Every structure is written in structure tokens, then in C-alpha cells.
Amino acid sequence: MKKEEQIRMLLHPEDYTDEQLDQMLDETDVKVPDTDEEWEKFRSEKREVKNERPILLKIAAMFVGVLMLSGIAYAAVHIIRGQEAGVGKQEAVVSTNTQHLSPNTQAPADSTAMKPVVYEDAELATILSEIATSHQCEVVYKSEASKHIRLYFTWDKKASIDDIIDTFNKFERIHITREDKKLIVE
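Since the structure is predicted, the reported quantities are computational estimates derived from the model, not experimental observations. (Residues numbered from 1 in each chain as written. Predicted model: local features only at pLDDT ≥ 70, side-chain atom pairs only at ≥ 80, totals over all residues. Heavy atoms only, no water.)

Asks: Tell me about the pattern of salt bridges, and name the residues and values.
Replies: Following the criterion strictly, the structure yields seven salt bridges and no others. With a closest N to O distance of 3.2 Å, Asp121 and Arg150 form a salt bridge. Placement of Asp121 in strand β1 (residues 117-123) and of Arg150 in strand β3 (residues 150-155) is noted, with a sequence separation of 29 residues between them. The exposure class of Arg150 is partly exposed, given its relative accessible area of 46%. The partner of Glu144 in a salt bridge is Lys147, with the nearest N and O atoms 3.7 Å apart. Take Lys147: its relative accessible area is 26%, and that puts it in the partly exposed class. Bridged by salt links that share partners, the residues Asp121, Glu123 and Arg150 form one connected network. (Salt bridge = Lys/Arg side-chain N within 4 Å of Asp/Glu carboxyl O. Helix = DSSP H or I, 4+ residues; strand = E, 2+ residues; numbered from the N terminus. Buried < 20%, exposed > 50% of the residue type's maximum accessible area, 1.4 Å probe, protein only.)

Printed below as a string of C-alpha cells:
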């Protein structure tokens, strides 16, 4: 059968009988692939690709691991050197300060005790309780809501209690008065 006739049969099968269609299908030479053979080809190609990737991934992982370890070691060395240098400086400062003290004078208080305390988003009750303890005062709240006002506040421990009260009174929602050893929060 000619190709043109086969194409007509495919386009208009209603014009032909079943026997004619069967004959056309029998005459066409279509190579049917062996599925097992093709599957084996596919699997072998896939293995070749798989074998290349893990080697590259292993090399990349080793490289990243070496970089991380060297970074950690570098940081550790610098931290230890910095601490050793800091200890040496502190010892030198202490030794020079103690040479200038006369036998009747006392050494200054710990410098960390006088550093400002920073409160970030802390409740007023928390801040005032620490300040009151430091200045031997008692805190009295006239309303429960005032305890829960949240603030960002820096407390200078060198400041007097009156200066601290003035600072708090600059806030809109806070009014503090002092009566002897009582801080009254309204």
C-alpha cells in the first residue's frame, strides 16, 4: 500500500472496511522496541549521572567544613588572646592604683556597681523596686495600672533619688512624689 492511501485510511476510517484497516495495519512496518532493553539503557545512563554528583557534593561539603572549622579556630584564638590581654591590663591598672593609695584611704567601690542600668521595655514596678531598694525607700502605688506601665529607662546609680523622681515625672503617664522614705506613684 502506498503512503498516500494509508494516510487517507487514517484520516477517514469510516470509508473503509475493518478488513481493509487490518490489512493496512499488518502491512505497516513499525519497529516495537524491547522494553526490557530500553529500561536497562535508562538505568545505566541514570547511574552514570548519579555517580558524578555525589563526588562533587562531597568535595563541596569538605570545603565548607574546613572553612567553618578554620573560622571557629580563628575566633577562639582571638577570644583567648583578647581575654589574656584584658587580664594583663586589669592587673596593671590594679597594681598602679594601689600604689597611689595612702594607708588611711579605702579602695574605690567596684566600678560595675556604679555603671548605669538600662531597662528595655520593663514595667515601672520592676524599675522602681530596684531603685527603691538601692535608696532604702518604699514604693506605694495608688493605682494598679501604673505598675504595668512599660518603659525604656536608663538609671544612673550616681543620681540622687530626687533627680530620679524628676526624670520619671517627665513621662506623661507617670507622677511620683516623695514623702520621707516613701515613693508615691499616682
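Asks: Which residues make up the packing of aromatic side chains, and what values do they have?
Replies: Counted according to the given criterion, the structure contains three aromatic pairs. Between Trp39 and Phe42, the ring centres sit 5.5 Å apart and the planes meet at 35°, which makes this aromatic pair tilted. With a gap of three residues between them, Trp39 and Phe42 both fall in helix α3 (residues 35-100), about one helical turn apart. For Trp39, a relative accessible area of 47% puts it in the partly exposed group. Seen from their ring centres, Phe168 and Phe171 are 6.4 Å apart, and the 45° between their planes marks the pair as tilted. Classification of Phe171 by relative accessible area gives partly exposed; the value is 30%. Joined through ring pairs, the aromatic side chains of Phe153, Phe168 and Phe171 make up one cluster. (Phe/Tyr/Trp six-rings, centres within 6.5 Å; stacked < 30°, edge-to-face > 60°.)

Asks: If you had to explain the packing of helix α4 (residues 124-134) against helix α5 (residues 161-169) to someone new, which residues and values would you point to?
Replies: If you want to describe how two helices pack, look at the angle between their axes and the distance between the axes. The interhelical angle for the contact between α4 and α5, taken along N-to-C directions, is 170°, at an axis separation of 12 Å. The orientation of α4 with respect to α5, classified from their angle, is roughly antiparallel. Crossing of α4 against α5: the hand is right-handed. Contacts between α4 and α5 involve Leu124, Ile127, Leu128 and Ile131 from the first element and Ile161, Ile164 and Phe168 from the second. Of the residues assigned to the contact of α4 with α5, the class counts are seven nonpolar, no polar and no charged. (Axes fitted to C-alpha atoms, helices over the stretch in contact; angles between N-to-C directions. Parallel < 35°, antiparallel > 145°, perpendicular 65-115°, else oblique. Left-handed = near helix turned anticlockwise from the far one by under 90°. Contact = heavy atoms within 4.5 Å. Nonpolar A, V, L, I, M, F, W, Y, C, P; charged D, E, K, R; others polar.)

Asks: Describe a negative patch on the surface, with residues and values.
Replies: Together, Asp18, Glu19, Asp22, Asp26 and Glu27 give the surface a local cluster of negative charge. The topology assignment puts Asp22 in helix α2 (residues 18-27). Of the residues examined, Asp22 reaches a relative accessible area of 45% and is grouped as partly exposed. (Patch = residues over 30% accessible without salt bridge, like charges linked within 9 Å, V, L, I, M, F, W, Y side chains within 5 Å. Areas by Shrake-Rupley, 256 points an atom, 1.4 Å probe, with all protein chains shown as cover. Lys, Arg positive; Asp, Glu negative; His and termini not counted. Charge placed at Lys NZ, Arg CZ, Asp CG, Glu CD.)

Asks: Go over the pairing of β3, please, and point to the residues and values.
Replies: The alternating pattern of β3 places Leu151, Phe153 and Trp155 on a buried face, while none of Arg150, Tyr152 and Thr154, on the opposite face, is buried. Relative to β3, β1 runs antiparallel, the two being bridged by five bridges. Bridging from a neighbouring strand, Val117 pairs with Trp155 of β3. (Pairing = 2+ DSSP bridges.)

Asks: Requested: an account of the packing of helix α1 (residues 3-11) against α2, with residues and values cited.
Replies: Closest axis-to-axis distance for the α1/α2 pair is 11 Å, and the angle between their directions is 130°. Between α1 and α2, the angle falls in the class oblique. The element α1 and its partner α2 pack so that their crossing is left-handed. In this structure, α1 contributes Gln6, Met9 and Leu10 to the contact, and α2 contributes Gln20, Leu21 and Met24. When grouped by side-chain class, the residues that make up the contact of α1 with α2 number four nonpolar, two polar and no charged.

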